[in-house]
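# Secondary and tertiary structure notes
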Amino acid sequence: MDIAQARKERIDRGIKVRSDGLYALMSLKELSYLTLPRFLLIAGMLSLPFLMPGMYWQRVISIVCIYSLLALSFDFLAHYVGLVCLGGAFFIGMGGYIAGILNTYFGLPPVLTIPLATIIGGALSTFLLLPCLPLKGVYFAIVTLMYPLFMARIIEAFDIFGGTDGIIGIDSFSNHWVEQYVVIGVVLGFVFGLRRLVNMDIGLIFTAIMDNDQAVKASGINITLYRALAVFIASSMGCLGGACITHIYMWSGISQFALDFSILPIAATVIGGAGTLVGPVLGCLILVPVSELLRDFGTLRIVFYAVILVAFILFKSEGIMEFVQRKYEQFERWTKI
Amino acid sequence: MIEDPILKVVGLTKKFGGVTALSDVSFEVGEGEILGIIGPNGSGKTTIVNNITGFIKPSSGMIFFKGKNITGQKPHKIADMGVTRTFQVMRPYYSLPAYKNLVIPLFSPRARRTGGWRGGGRLGDRHTVSIDILEEIGFERDSYIPFKTTSTLPTGYLKRLELARCLSLKPEIIICDEVFSGLSMSEIASMVPLIERLQMDGITIVMIEHRLRELFRVANRIMVMNFGEKLIEGSPDEVMADAGVKEAYFGSEEVEEVMTYA
């Protein structure tokens, strides 16, 4: 066939169409078609600690999971609520410091500090972001970018919570297996939990506020309330990550407000596929280990990093997840025009 | 004067910088009636709607709903009381299927509280309820139209979707901002009975309209606006007979001519 007179068409695979409806429940083949990707993700994540060659790389897995939480919360806010939030560092810092304070000043064990830091941190972050909730797009991004810098300067200037030295002598997890399976479990829980949330009626409200806030107002719904709820969910995830990181490093300090925590999740979302929720986790699974491998190159690693990002944006801007999903559900063929 | 008006606007004035969009407009709407508001472009009709429903705050003047002052309230509070509106430029959720557009108003506190529409989902799936409402407003239940992505629907259906959003809130008042504009003659012809039915159900309707023939058929009273001021108010016949209206609204042309053209 002459290529000039042909075009590519994409058609859903038969099994994809058959497993769309309720009938999928009646056939093992269709059931396994539906569950295979989910099973792969869960099994893959759970076996990661065994596949890693040593303690160093096992620690990298924990860090991957914490970045995944941030990337998930970024993806949720940006693509399901319409708020571009650069506050990853802010959430990590809030969660980290609250967990550290609860552990050293009040003597609470990690079993209590992590859930408490999640909820208190989420509530505090939401409260601080409340005035800028009516802002949209880049304005909200700017304010959320400012908060971590602001918090770090306050701690430095007033020399509170250990000042520039940070809080030291924080309890660690009982062992590194517990540490890894806690963070992996949390990430898996949030991936499937958020997917469920955005498909529920309340998720529809979030999306509607993003699409068309005037119509939501005219429907008698308080949009600030729902924006605040979404920010609470997202910031709680960040604070949970922060609390975990504090107990992993047994230390919480100003570097938890570092901008890496705001920027890397966005890069991971670009690579993994925006708006897919699973994509950002895959993005983190690639980006964080790559960034570790490039550590030997010193400051040059930022250059490699930038090259990877630019390549993805130029050649696969849809992201890994969208690409893989398309291949899984559809096939392509040439047809005559 | 109307006894116990459901909606009462007193001395409504709105200034945008140096431009006076509305100056000292007062009117009342009785329960269950249809009030038509007409006027040339830029005469402040939509500004009235935006002021009543709280999307913009009036510079001065008061708005009462059932004797309660609602001036300057937030839009969602006003919608929660039952004062609903459609938008002149339709505002559906284009990325969603048509029936999912109604899940959002059915999720609102008012829909859940009033218990209409099977409790706004409390006693039934919101998706089922929204298809019930869509059927009432003219989407064929058994066709694929309620399930199509909203961005693929023609204007007629989008206008109906605007009305459906108001209906799913179990409204007391619907303020229709040009629901007939942009529709074909046959689409308008099928909308008119719908408006009449809503009135029979006891819903008060304020209609802003350029399609005079259809408006004069359904409206009980007409108010004419010009340059942000109320020109005259009265029954359709009285309004048609007024010389000032002819001059302001119809220019030099003969009214009959415009009527046949409209």
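Residues numbered from 1 in each chain as written. Chains lettered and ligands numbered in written order. Predicted model: local features only at pLDDT ≥ 70, side-chain atom pairs only at ≥ 80, totals over all residues. Heavy atoms only, no water.

Across its full length, chain A holds 14 helices and 4 strands. Taking 2.2 N^0.38 as the reference for a compact globule, 337 residues should give roughly 20 Å; the C-alpha atoms of chain A span a radius of gyration of 22 Å, in line with that estimate. Each of the three principal axes of chain A carries a C-alpha extent, and together these read 75 × 55 × 45 Å. For chain A, the residues scored as buried account for 48% of the 337 residues in total. Taking all contacts inside chain A whose residues are at least 6 apart in sequence as the whole, residues at least 24 apart take part in 78%. When the 22 basic and 21 acidic side-chain charges of chain A are each reduced to a single mean position, those positions are 9 Å apart. (Helix = DSSP H or I, 4+ residues; strand = E, 2+ residues; numbered from the N terminus. Rg over C-alpha atoms; globule rule 2.2 N^0.38 Å. Buried < 20%, exposed > 50% of the residue type's maximum accessible area, 1.4 Å probe, protein only. Contact = heavy atoms within 4.5 Å. Lys, Arg positive; Asp, Glu negative; His and termini not counted. Charge placed at Lys NZ, Arg CZ, Asp CG, Glu CD.)

Bringing the nonpolar core into the picture now. Met45(A), Phe76(A), Leu77(A) and Ile104(B) are the most contacted members of the largest nonpolar core, which has 94 residues in total. In terms of residue count, helix α3 (residues 55-81) of chain A provides more of this core than any other element does, 15 residues in total. Beyond its immediate chain neighbours, meaning those up to four positions away, Met45(A) contacts Cys65(A), Ile184(A), Val187(A), Leu188(A), Val281(A) and Leu285(A). By size, the runner-up hydrophobic cluster in this structure holds 47 residues, among which are Leu106(B), Phe216(B), Val224(B) and Met240(B). (Core = buried A, V, L, I, M, F, W, Y, C linked by side-chain atoms within 4.5 Å.)

Residue and element names in this part refer to chain B. Annotation of chain B at the domain level lists domain 1 (1-76 + 204-262) and domain 2 (83-171). The interface of domain 1 with domain 2 comprises 7 residues on the first partner and 4 residues on the second. Together, the buried faces of domain 1 and domain 2 total about 480 Å²; carbon and sulfur atoms form 69% of this surface. Considering only the side of domain 1, the residues that lose the most area to domain 2 are Thr46, Thr53 and Phe55, jointly responsible for 54% of the buried surface there. (Domains from an automatic or database assignment. Buried area = accessible area lost by both parts, 1.4 Å probe.)

Residue and element names in this part refer to chain B. Of note in the backbone geometry, Lys66 takes a positive phi value of approximately 50 degrees without being a glycine. Of note, Lys66 is situated in the loop between β4 (60-65) and β5 (68-69). One non-glycine residue with positive phi stands out, namely Glu178, at about 55 degrees. In this fold, Glu178 is placed in the loop between β7 (173-177) and α8 (185-200).

With that settled, the discussion passes to the pattern of salt bridges. Counted under the stated rule, the structure contains 22 salt bridges over all chains. Lys327(A) is paired through a salt bridge with Glu332(A); the nearest N and O atoms lie 3.8 Å apart. With a relative accessible area of 28%, Glu332(A) lands in the partly exposed category. Between Arg217(B) and Glu196(B) there is a salt bridge, and its shortest N-O distance comes to 3.9 Å. With a gap of 21 residues between them, Arg217(B) in helix α9 (residues 212-218) and Glu196(B) in helix α8 connect regions that are remote in the sequence. Since its relative accessible area comes to 58%, Arg217(B) is described here as exposed. A relative accessible area of 27% means that Glu196(B) is categorised as partly exposed. Here the salt bridges do not stand alone but share partners, grouping Lys8(A), Arg10(A), Lys327(A) and Glu332(A) into one network. (Salt bridge = Lys/Arg side-chain N within 4 Å of Asp/Glu carboxyl O.)

All names here are of chain A. Relative to each other, α3 and helix α8 (residues 201-211) sit at 65 degrees, their axes nearing to 7 Å. Taken together, the residues of α8 that come into contact with α3 (itself represented by Phe76, Ala78, His79, Tyr80 and Val81) are Phe206, Thr207 and Met210. Looking at the contact of α3 with α8, its residues break down into 6 nonpolar, 2 polar and no charged. (Axes fitted to C-alpha atoms, helices over the stretch in contact; angles between N-to-C directions. Nonpolar A, V, L, I, M, F, W, Y, C, P; charged D, E, K, R; others polar.)

Turning our eyes to something else, we now look at the sheet that holds strand β8 (residues 204-208) of chain B. Residue and element names in this part refer to chain B. As summarised here, the arrangement of the 6 strands in space is β6-β7-β8-β3-β9-β10, forming an open sheet in which the pairing is mixed. For this open sheet the edge positions go to β6 (83-85) and β10 (229-234), each flanked by a neighbour on one side alone. Averaged over neighbouring strand pairs, the angle between their axes works out to 20 degrees when direction is ignored. Sheet strands touched by helix α7 (residues 155-167): β6 and β7. Its angle to β7, the strand with the most contacts, is close to 160 degrees. Running over the sheet, α8 touches β3 (34-38), β7 and β8 and is turned about 145 degrees from β8. (Pairing = 2+ DSSP bridges.)

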